[in-house]
Amino acid sequence: VQLQASGGGLVQAGGSLRLSCAVSRRTFGNYVMGWFRQAPGKERSSIAAISWSGLITYYADSVKGRFTISRDSAKNTVYLQMNSLKPEDTAVYYCAAGRLYGSDWWPLEDDDYWGQGTLVTVSS
């Protein structure tokens, strides 16, 4: 397994969670790493992304000001700190390798470049 995500769980609205994604840097060093989520019955949506240099970040409008993406290059780990969680944040969250397209980030289509997904449930 080359991307190992963890940190999901059940939290009340207004609470916080931190997701972690351990990455094989040898495989994914040339990509922009990020997170996307998919709720039941909804399309996949990009959430946040970060370059390995840390100089480039991307956030979806829906999470700006609440979520923070970071990376620890020494540990080859990408984090997603999620604060002020809302019920509409409930979804399976995936870390993935991807690319920037203009001002947006999208994961690669090949799911070999995704982690296994971790469920985040926010209760009201």
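Details of the structure are given in the entry above.
Just so we're clear, the structure is a prediction, and the values are computed from it rather than from any experiment.

K.L.:
Could you clarify how one ought to interpret the side chain of Arg-37 in this entry?
P.N.:
Positionally, Arg-37 belongs in strand 4 (residues 32-38). Residue Arg-37 is classed as buried on the basis of its relative accessible area of 10%. Side-chain polar atoms of Arg-37 contact the side chain of Asp-89, separated by 2.9 Å. Apart from residues no more than four positions distant in its own chain, Arg-37 is found in contact with Glu-43, Arg-44, Ser-45, Ile-47, Ser-62, Val-63, Phe-67, Glu-88, Asp-89, Ala-91, Val-92 and Tyr-93.

K.L.:
Where do I start with the pairing of strand 11 (residues 118-123) in this structure?
P.N.:
Two faces belong to every sheet, and in a regular strand the side chains alternate between them. Residue alternation in strand 11 divides its side chains into a buried set, Thr-118, Val-120 and Val-122, and an unburied set, Leu-119, Thr-121 and Ser-123. With three bridges connecting them, strand 9 (residues 91-101) and strand 11 associate as antiparallel partners. Paired with Ala-91 across the strands is Val-120, a residue of strand 11.

K.L.:
What is the right way to read the environment of Gly-34 from this model?
P.N.:
Mapping Gly-34 onto the fold places it in strand 4. In this structure, the C-alpha to C-alpha distance between Gly-34 and Val-120, residues 86 residues apart in sequence, is 16 Å. Setting aside its immediate chain neighbours within four residues, Gly-34 contacts Ala-48, Ala-49, Ile-69, Tyr-94, Cys-95, Ala-96 and Trp-105.

K.L.:
Can you walk me through the state of the cysteines in this structure?
P.N.:
Should the sulfur atoms of two cysteines be covalently bonded, the bond is a disulfide. The tally for this structure, following the rule as stated, stands at one disulfide. Between the sulfur atoms of Cys-21 and its disulfide partner Cys-95 the distance amounts to 2.0 Å. An S-S torsion of about 55° defines the bridge between Cys-21 and Cys-95 as right-handed. Of this pair, Cys-21 sits in strand 3 (residues 17-23) while Cys-95 sits in strand 9, and the two are 74 residues apart along the sequence. The class for Cys-21 is buried, based on a relative accessible area of 1%. By relative accessible area, Cys-95 is classed as buried at 2%.

K.L.:
It is not clear to me how the pattern of salt bridges should be interpreted in this structure. Could you clarify?
P.N.:
All chains considered together, the criterion is met by four salt bridges. For Asp-61, the salt bridge identified is with Lys-64, shortest N-O distance 3.1 Å. For Asp-61, a relative accessible area of 65% translates into the label exposed. Of the charged contacts, one joins Arg-66 and Asp-89 as a salt bridge, the two residues approaching to 2.7 Å between their closest N and O atoms.

Cut-off values and rules
Residues numbered from 1 in each chain as written. Predicted model: local features only at pLDDT ≥ 70, side-chain atom pairs only at ≥ 80, totals over all residues. Heavy atoms only, no water. Helix = DSSP H or I, 4+ residues; strand = E, 2+ residues; numbered from the N terminus. Buried < 20%, exposed > 50% of the residue type's maximum accessible area, 1.4 Å probe, protein only. Polar contact = N/O pair within 3.5 Å; in protein donor to acceptor, adjacent residues only side chain to side chain. Contact = heavy atoms within 4.5 Å. Pairing = 2+ DSSP bridges. Disulfide = S-S within 2.5 Å. Salt bridge = Lys/Arg side-chain N within 4 Å of Asp/Glu carboxyl O.

Any link to function would need more than the numbers given here.
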